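Commentary on secondary and tertiary structure
So the chains spell out like this:
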Amino acid sequence: MTVSNIQIDVKTQYLAAQSNADAGQYVFSYTITITNQSSQLVQLLAREWRITDADNKITRVAGDGVVGQQPKLKAGESFSYTSGTVLATPIGTMEGHYLMIDEQGSQFKAPIPSFRLAIPNIIH
């Protein structure tokens, strides 16, 4: 199994109503779609994130599954979920990987490319 057989798409959103700029709390949601482009069943076991804010503060988050699930994806299937994070700055990035397992029991990491979290119009 090669990691190129797992496609990861990300959409982010700034949640102004839940944020408090005066308190240094910027809330973002992200929706991730994981698509199995291989010819066999795979399962997401765990995830690991590296979250970096504009002050270069790094937070690491790791754990089993995503949103309480360890989805199994048949060939061609997708799984989407929405989660969120709070930054102390109005801009930051997230990146990481999913730990996956294939039908043969081989574990592999599917990289999650770096994506930006930013309040609207902060970057031109």
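Conventions adopted
- Residues numbered from 1 in each chain as written.
- Predicted model: local features only at pLDDT ≥ 70, side-chain atom pairs only at ≥ 80, totals over all residues.
- Heavy atoms only, no water.
- Helix = DSSP H or I, 4+ residues; strand = E, 2+ residues; numbered from the N terminus.
- Buried < 20%, exposed > 50% of the residue type's maximum accessible area, 1.4 Å probe, protein only.
- Contact = heavy atoms within 4.5 Å.
- Areas by Shrake-Rupley, 256 points an atom, 1.4 Å probe, with all protein chains shown as cover.
- Lys, Arg positive; Asp, Glu negative; His and termini not counted.
- Charge placed at Lys NZ, Arg CZ, Asp CG, Glu CD.
- Core = buried A, V, L, I, M, F, W, Y, C linked by side-chain atoms within 4.5 Å.
- Pairing = 2+ DSSP bridges.
- Axes fitted to C-alpha atoms, helices over the stretch in contact; angles between N-to-C directions.

You'll find the chain entered in an unreviewed UniProt entry as Protein ApaG, with Idiomarina ramblicola given as the organism.

The next subject is the overall build of the chain. Scanning the chain from terminus to terminus reveals zero helices and eight strands. N-terminal to C-terminal, the α/β element order of the chain is β-β-β-β-β-β-β-β. Over its C-alpha atoms, taken along the principal directions, the chain stretches across nearly 50 × 25 × 20 Å. Expressed as a percentage of the 124 residues in the chain, the buried residues total 35%. Long-range pairs, those at least 24 residues apart, make up 65% of the contacts in the chain between residues at least 6 apart in sequence. When the accessible surface of the chain is totalled, it reaches about 7,000 Å², and 45% of it is carbon and sulfur. Averaged over its 9 positive side-chain charges, the chain has a centre that lies 1 Å from the centre of its 10 negative ones.

With that settled, the discussion passes to the nonpolar core. In terms of nonpolar packing, the biggest core is built from 24 residues, with Ile6, Ile32, Ile34, Trp49, Tyr81, Tyr98 and Met100 touching the most fellow members. Elements that contribute at least two residues to this core include exactly strand E1 (6–14), strand E2 (26–36), strand E3 (42–53), strand E6 (78–87), strand E7 (91–102) and strand E8 (107–118). Ignoring any residue separated from it by four or fewer positions in sequence, one finds Ile34 in contact with Ile6, Gln7, Leu44, Leu73, Glu77, Ser78, Phe79, Tyr81 and Tyr98.

This part takes up the sheet that holds E6. In spatial order, the strands read E1-E2-E6; together these three strands make up an open sheet with antiparallel pairing. This sheet does not close on itself; its edge strands, each paired only once, are E1 and E6. The sheet shows a mean angle of 20 degrees between the axes of neighbouring strands, taken without regard to direction. In the sheet, E1 pairs with E2 via nine bridges, with the strands oriented antiparallel. The partner of Lys11 across the bridge, within E2, is Thr31.

Below, the discussion takes up the pairing of E2. Taking burial as the measure, the 11 residues of E2 include nine buried ones, the bulk of the element. Here E2 pairs with E6 via 10 bridges, running antiparallel. In the sheet register, Val27 faces E6, and the bridge partner there is Val86.

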